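Below are the chains, spelled out letter by letter.
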Amino acid sequence: MIVTRRKVVTPASSANLGPGFDVLAVAIAKYLTIEIEPSESLEVVASGFGSELKVDDEHLAVKVLKRVLGHTRVKISIDSGIPLARGMGSSAALAIAVAVACGSSDPLAVALSFEGHPENAAASLKGGALAAIATSSGTVISDVPIDPDLVAVLVVPDVELSTRAARQALPVSVPFADAIGNIGRAVTLALCLSDIDRLRPEMFLDVLHQPYRAAIFPDAPSVLAGLLESGCVGAAWSGAGSSMIGFARRSESARILQKVKVMLLDRNLGFASEVVEFDRRGTHLLEL
């Protein structure tokens, strides 16, 4: 495939939102920028998160280049504002961004060939909140309207949690009642995200993955409780962690953030925290 110079911006994402395990996700306003142009040989210029990673055939960007272009005769610049191994879909965002920059006709399919689950990649591609599942006839994506007054309150620990480790912490089976409860909360949450006044903390409750993953990140329950005590209308693990995400009314977010910072200090947790908008644009090209 012929390479043309392109510059692409892709948002991070937060998956699960509590009970919507491997289905629900929302794009968040932390961004990865990719610029690609023809070159006689592979040249990678990286800055931001992940810039320390070794560039070889196992690097995700290189894998995507080969999958879409069939070669690596390009110069690719990667500038990432998405922390790695913090539950913000950094790998999915990179796969989507490189696939779009390379001119793929189906960047989501490319990302899924490496990622497996569609919700992170779909959110980074489309923006907003959505539900996504992989079927035998392709990926099915349904937009989930989200109240424009909602913002995210992120707690970002200095602890990396790999998705593989988080998966390994899960049981091979769960009680029937737990599965039924999660389904009900996930559906109700998806139907209520469009109206902040209808949201309740209980809608974000999960019993399929968060309690088990707390074994590898014991501070998680305390942070989730602190987000709710600080005024968030709901709180959940962001993807597989270690970040936690609270949902808050924009007009109250500055006050809530201050309470969250005090909460973290009181609990001797030296974690970063910030208010972040939800991205509603998704992946897009920048003019050069």
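Residues numbered from 1 in each chain as written. Predicted model: local features only at pLDDT ≥ 70, side-chain atom pairs only at ≥ 80, totals over all residues. Heavy atoms only, no water.

K.L.:
Even after reading the chapter, I still don't get the overall build of the protein, so can you show me in this structure?
P.N.:
Helices and strands together make up the secondary structure of the protein, namely nine helices and eleven strands. Since a compact globule built from 288 residues should have a radius of gyration of about 19 Å, the 19 Å found for the protein is in line with a globular shape. Considered along the principal axes of its C-alpha atoms, the protein spans approximately 55 × 40 × 35 Å. When the 288 residues of the protein are sorted by exposure, 51% land in the buried category. A fraction of 76% describes how many contacts in the protein between residues 6 or more apart in sequence connect residues 24 or more apart. Total accessible area on the protein stands at roughly 12,600 Å², and carbon and sulfur atoms take up 54% of it. With 26 positive and 31 negative side-chain charges, the protein shows a spacing of 1 Å between the two charge centroids. (Helix = DSSP H or I, 4+ residues; strand = E, 2+ residues; numbered from the N terminus. Rg over C-alpha atoms; globule rule 2.2 N^0.38 Å. Buried < 20%, exposed > 50% of the residue type's maximum accessible area, 1.4 Å probe, protein only. Contact = heavy atoms within 4.5 Å. Areas by Shrake-Rupley, 256 points an atom, 1.4 Å probe, with all protein chains shown as cover. Lys, Arg positive; Asp, Glu negative; His and termini not counted. Charge placed at Lys NZ, Arg CZ, Asp CG, Glu CD.)

K.L.:
Would you mind going over a nonpolar patch on the surface with me for this structure?
P.N.:
A cluster of nonpolar side chains, Phe 176, Ile 180, Ile 183, Val 187 and Leu 191, forms an exposed patch at the surface whose accessible area comes to about 550 Å². With respect to the helices, strands and loops of the structure, Phe 176 is situated in helix α6 (residues 176-192). Using a relative accessible area of 67% as the deciding quantity, one classes Phe 176 as exposed. (Patch = residues over 30% accessible without salt bridge, like charges linked within 9 Å, V, L, I, M, F, W, Y side chains within 5 Å. Salt bridge = Lys/Arg side-chain N within 4 Å of Asp/Glu carboxyl O.)

K.L.:
For this particular structure, what's the right way to read unusual backbone geometry?
P.N.:
Note on backbone geometry: most residues besides glycine have negative phi, and most peptide bonds are trans. In this chain, Gly 241 is followed by Ser 242 through a cis amide linkage whose omega measures 10°. Phi at Asn 16 takes a positive value of approximately 85°, unusual for a residue other than glycine. Assignment of secondary structure puts Asn 16 in the loop between β1 (6-15) and β2 (24-38). Unusually for a residue other than glycine, Asp 22 sits at a positive phi of about 65°. By the secondary structure assignment, Asp 22 is in the loop between β1 and β2. The exposure class of Asp 22 is buried, given its relative accessible area of 15%.

K.L.:
Honestly, the side chain of Ser 13 in this entry has me stumped. Any pointers?
P.N.:
Among the structural elements, Ser 13 can be located in strand β1. Note on Ser 13: relative accessible area 0%, which makes it buried. In this view, Ser 13 contacts Val 26, Ala 27, Ile 28, Gly 87, Met 88, Gly 89, Asn 120, Ala 123, Ser 124 and Ser 238; residues no more than four positions away in its chain are not counted.

K.L.:
Would you mind showing me how to read the packing of helix α1 (residues 60-69) against helix α2 (residues 90-101) here?
P.N.:
How two helices sit against one another is set out by the angle between their axes and by the gap between those axes. Two elements in contact, α1 and α2, have axes separated by 9 Å at closest approach and are oriented at 35°. The interaxial crossing formed by α1 with α2 has right-handed handedness. Judged by residue contacts, Leu 60, Ala 61, Val 64, Leu 65 and Val 68 of α1 engage Ser 91, Leu 94, Ala 95, Val 98 and Ala 99 from α2. Of the residues belonging to the contact of α1 with α2, the class tally is nine nonpolar, one polar and no charged. (Axes fitted to C-alpha atoms, helices over the stretch in contact; angles between N-to-C directions. Left-handed = near helix turned anticlockwise from the far one by under 90°. Nonpolar A, V, L, I, M, F, W, Y, C, P; charged D, E, K, R; others polar.)

K.L.:
Is there a simple way to think about the nonpolar core in this case?
P.N.:
As a rule of thumb, nonpolar side chains are buried together in soluble globular proteins. Formed by 63 residues in total, the largest nonpolar core has its most connected members in Ile 34, Val 98, Leu 150, Leu 199 and Phe 278. The element best represented in this core is α2, accounting for ten residues. Each residue touching Leu 199, except ones within four places of it in the same chain, is listed here: Leu 150, Leu 189, Cys 192, Leu 193, Phe 204 and Val 233. (Core = buried A, V, L, I, M, F, W, Y, C linked by side-chain atoms within 4.5 Å.)

K.L.:
I keep staring at helix α3 (residues 107-115) and nothing clicks. Help me out?
P.N.:
Since the α-helix turns once every 3.6 residues, residues separated by three or four places project in the same direction. Along α3, the positions that sit buried rather than exposed are Pro 107, Leu 108, Val 110, Ala 111 and Leu 112. Against the buried residues of α3 lie α1, α2, α4 (118-126) and β6 (138-144). Directly after α3, the chain includes Gly 116, whose backbone phi takes a positive value near 90°.

Read these as geometric descriptors, not functional statements.
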